[in-house]
Amino acid sequence: MSATEASTTQPLNQGGVDDDVDDELSRLRSQIQREKAAKRKMYSYLVRIADELKELRAESDQLIDAADYARKVWYEGGMWRGPNVLPMAGGSAPDARGGGGTGGADA
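Remember, it's a predicted structure, so these values are computed and weren't measured experimentally. (Residues numbered from 1 in each chain as written. Predicted model: local features only at pLDDT ≥ 70, side-chain atom pairs only at ≥ 80, totals over all residues. Heavy atoms only, no water.)

**Some points on the overall build of the protein**
Here is step 1 of the chain: Helix and strand counts for the protein stand at two helices and two strands.
Here is step 2 of the chain: Secondary structure of the protein in N-to-C order comes out as α-α-β-β.
Here is step 3 of the chain: Every one of the 107 residues in the protein was classed for burial, and the buried ones make up 2%. (Helix = DSSP H or I, 4+ residues; strand = E, 2+ residues; numbered from the N terminus. Buried < 20%, exposed > 50% of the residue type's maximum accessible area, 1.4 Å probe, protein only.)

**Topic: a nonpolar patch on the surface**
Here is step 1 of the chain: A contiguous nonpolar surface patch, about 310 Å² in accessible area, is contributed by Tyr-43, Leu-46 and Val-47.
Here is step 2 of the chain: One can find Tyr-43 in helix α2 (residues 14–70).
Here is step 3 of the chain: Judged by its relative accessible area of 56%, Tyr-43 is exposed. (Patch = residues over 30% accessible without salt bridge, like charges linked within 9 Å, V, L, I, M, F, W, Y side chains within 5 Å. Areas by Shrake-Rupley, 256 points an atom, 1.4 Å probe, with all protein chains shown as cover. Salt bridge = Lys/Arg side-chain N within 4 Å of Asp/Glu carboxyl O.)

**Things to note about the confidence of the model for the protein**
As a general rule, the predicted coordinates of low-pLDDT regions are not to be interpreted in detail.
Here is step 1 of the chain: Per-residue confidence for the protein averages 74 on the pLDDT scale, and 52% of its residues sit at or above 70.
Here is step 2 of the chain: Here helix α1 (residues 3–9) is the element of the protein with the lowest mean pLDDT, 51, and α2 is the one with the highest, 90. (pLDDT = per-residue confidence, 0-100.)

**Notes on a negative patch on the surface**
Here is step 1 of the chain: On the surface, a cluster of negative charge is contributed by Asp-18, Asp-19, Asp-20, Asp-22 and Asp-23.
Here is step 2 of the chain: In this fold, Asp-20 is placed in helix α2.
Here is step 3 of the chain: Classification of Asp-20 by relative accessible area gives exposed; the value is 53%. (Lys, Arg positive; Asp, Glu negative; His and termini not counted. Charge placed at Lys NZ, Arg CZ, Asp CG, Glu CD.)

**Details of the pattern of salt bridges**
Here is step 1 of the chain: What the rule picks out here adds up to one salt bridge.
Here is step 2 of the chain: The partner of Arg-27 in a salt bridge is Glu-24, and the shortest N-O contact between them spans 2.6 Å. Here Arg-27 pairs with Glu-24, and both are found in helix α2, just three residues apart, close to one helical turn.

Here you go:
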């Protein structure tokens, strides 16, 4: 075995390579921990957003139903609806027959 072959087969500065590997390994482990923590945080935010979305859907369904009811015609299905759903009837009092006024004094 020649001197050049012996120098290429033996590791150079074995201690420095181990230190570099250990440093790289510890850096990668800390990076993985940070990434896992970030993923946990994003998942918790996702759960909060999903809960808020459920609440908003329930609330919007109620509002949509109320708006649909308010858009119904004044006379529907053989029953008169009360004047509280008519936008123009809000300022006048009901007359003696129980119906709503038209908003004017000559009704």
